[in-house]
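Here's the letter readout for the chains.
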Amino acid sequence: MRMTPPLDMSTYALQTLIYLMLAQAQECVWQKAAMDQLRDGTIARLALQIADFYDLAYMQSANAAIQTVFPSTWIIHMQIKQLHFTAAAQFRKSCECISQDRYGEEIARLQLAAGFVRQAFDLTRQEKSKGDAMVAVLNDLRSLQQIIASNLARAEKDNDVIYLETIPAPTTLPTILKTQMVKATAPREIIDPVSLMNEGSTMIGLALFQKLVPFAVHQAASVYVDRKERLIKEDIIGKLEELKAVYDSSIESLGINQILAMNGLPVAILKGAEEVRIDGGSQSLYDMWEEVQKASTKNAEILEEVFNALDEEHELDESLRSKYSNVWKRPESHQLTQQLVAQGKRHQQTLLAAQKADLIVRGKLDTWATIIDVLALPKEELENSIPFDDDSPLALIKSLVDNMNNHIKAREHLIQTVKKVSNGDDISPTLLRKAAQLTSNSSLVKIEAAQFEDLFAEELKKYDEFIKKVDEEEERQSKILRQLNEVCNQPHVSGKREKALQNLNQAYLKYKEIKTNLSEGLKVVYREKKRL
């Protein structure tokens, strides 16, 4: 610049705006990641980078050189957003801790998040005017505060009752890495303004009307566009739509959908598969089994501690009895603790029996896990996984229908391709060159749109390939419909299919049995824990 820039165009002010816009852009990425339910660790890294951008924007805006540029509302807003997303990062990281069995770290991070939210609310009290932006920020803070408080209460209760993990100090927590998904890129007008100004001066120097296109060329371009669009609409897209209508009508008249539906999956299997899919397939059972093992191991450790304490008490009694035999009149230790020992042995037998049962359940789970996961497939994949005998009419019908459906999808791609070619089909430069040839670059020679007929024919040849593909589709469809006519009246369920359906039904029953056994196992180990 040829003069000292004003304060709002100074380096600190512009850098503040850059960091503020980067923070907002990163926040958009964060929102998309949260909506798409990406991993909590990923969302935490994105959130921490947002907080870092807001912090950098605040630091730049707080510089003494520009202290009058930004209103206090902006300054407080950036501070609050920095605290908000720092808290959000800690909260998301605490959610990741749950899946990794780091319950103490989960509580520590939730406590940190709660502290950052409190700091943010303290800052909101400094701003008396509550505009729409501040109201939105307060609503977001309240929502985050509620979910943090709810998770913290639950985590502390679970840790006190079940996990008993030590809560680490905030300074010992692993650092959350930051992931930056945006960057500041200056537009061309800013990076290289001189070249644009040179281009502008060149345009200014051109003679008036020198670039004016002859009216006949405009007419010719319009004629070409009309012919191109009519060709595409009638000979390509219209023909493909007509083929689709003929195919749909033939499928309906032959009752193909009813034939396939009658040989589809039974309702009972579909309902069972939906239940398994919602639960999470075999992995949910493995998770339950692991939970049983952890609880059982904890019970065994508690019981071992009890027996050790009884043994120590017995040894101490024997030692004191030997030392003070004349005055040591209390009953012998084994008489006083025999009931506790008997009770402990009963608990031990219960645990051993439960462990044996768990091994049996694990064996069943390992045996049936693969086919249980087949049940957990999406409905379409599940149906496609059930085989037919290769020589059955039904298998041929399904194969022909699938083949035709693939071609119908390919037709959609063909339509999109021809539209893309049409959108980029601008023959204006070619028309101008043709016009120059016809006029020999003289403005005195008059030309007509009809003089471009040979050019139209040549340019439209680029669509011959698409028309050829449409003809191939028509021939292919006719062949498939003839084959369907021959086989559609003799469908039957194949032996392979019956066996596969039986396996699926048995797998669902095993799934329910294993799930019930594991649920009962969990009840037993938790009941034993309470008794211990």
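Note that the structure is a prediction, hence the values are computed from the model and not measured.

1. Focus: the packing of aromatic side chains
The description of an aromatic ring pair rests on the distance of the ring centres and on the angle between the ring planes.
(1) Moving on: What the rule picks out here adds up to six aromatic pairs.
(2) Moving on: When the centroid spacing of 6.2 Å and the interplanar angle of 35° are considered together, the rings of Tyr224 and Phe456 count as tilted. Taken together, the residues Tyr224 in helix α8 (residues 215–254) and Phe456 in helix α16 (residues 453–460) connect sequence positions 232 residues apart. As far as the burial class goes, Tyr224 and Phe456 line up, both buried.
(3) Moving on: One aromatic cluster is present, built from ring pairs that chain together Trp30, Tyr54 and Phe85.
(4) Moving on: The cationic tip of Arg362 hangs over the ring face of Trp289; the distance from NZ or CZ to the ring centre is 4.7 Å.

2. Some remarks on the side chain of Glu473
(1) Moving on: Of note, Glu473 is situated in helix α17 (residues 464–487).
(2) Moving on: If we ignore the near neighbours within four places in the chain, the residues touching Glu473 are Leu240, Leu243, His407 and Arg411.

3. Notes on the side chain of Glu459
(1) Moving on: With respect to the secondary-structure elements, Glu459 resides in helix α16.
(2) Moving on: Looking at Glu459, the relative accessible area reads 17%, which means it is buried.
(3) Moving on: If sequence neighbours within four positions are ignored, Glu459 has contacts with Tyr224, Ile427 and Thr430.

4. Re unusual backbone geometry
(1) Moving on: Phi at Asp101 takes a positive value of approximately 60°, unusual for a residue other than glycine.
(2) Moving on: Classification of Asp101 by relative accessible area gives partly exposed; the value is 33%.
(3) Moving on: Positive phi values are uncommon outside glycine, yet Leu164 reaches one of about 55°.
(4) Moving on: Following the sequence through the fold, Leu164 ends up in the loop between α5 (132–163) and α6 (188–191).
(5) Moving on: Taking relative accessible area as the criterion, Leu164 reaches 52% and is therefore assigned exposed.

5. Thoughts on the confidence of the model for the protein chain
(1) Moving on: With 81% of its residues at a pLDDT of at least 70, the protein chain reaches an overall mean of 80.
(2) Moving on: The secondary structure element of the protein chain with the lowest average pLDDT is helix α7 (residues 193–205), at 49, and the one with the highest is helix α2 (residues 40–61), at 95.
(3) Moving on: Taken together, the stretch residues 203–210 has pLDDT below 50 and engages in one contact with residues farther than four places along the chain or on a different chain.

Criteria and cut-off values
- Residues numbered from 1 in each chain as written.
- Predicted model: local features only at pLDDT ≥ 70, side-chain atom pairs only at ≥ 80, totals over all residues.
- Heavy atoms only, no water.
- Phe/Tyr/Trp six-rings, centres within 6.5 Å; stacked < 30°, edge-to-face > 60°.
- Helix = DSSP H or I, 4+ residues; strand = E, 2+ residues; numbered from the N terminus.
- Buried < 20%, exposed > 50% of the residue type's maximum accessible area, 1.4 Å probe, protein only.
- Lys NZ or Arg CZ within 6 Å of the ring centre and 35° of its normal.
- Contact = heavy atoms within 4.5 Å.
- pLDDT = per-residue confidence, 0-100.

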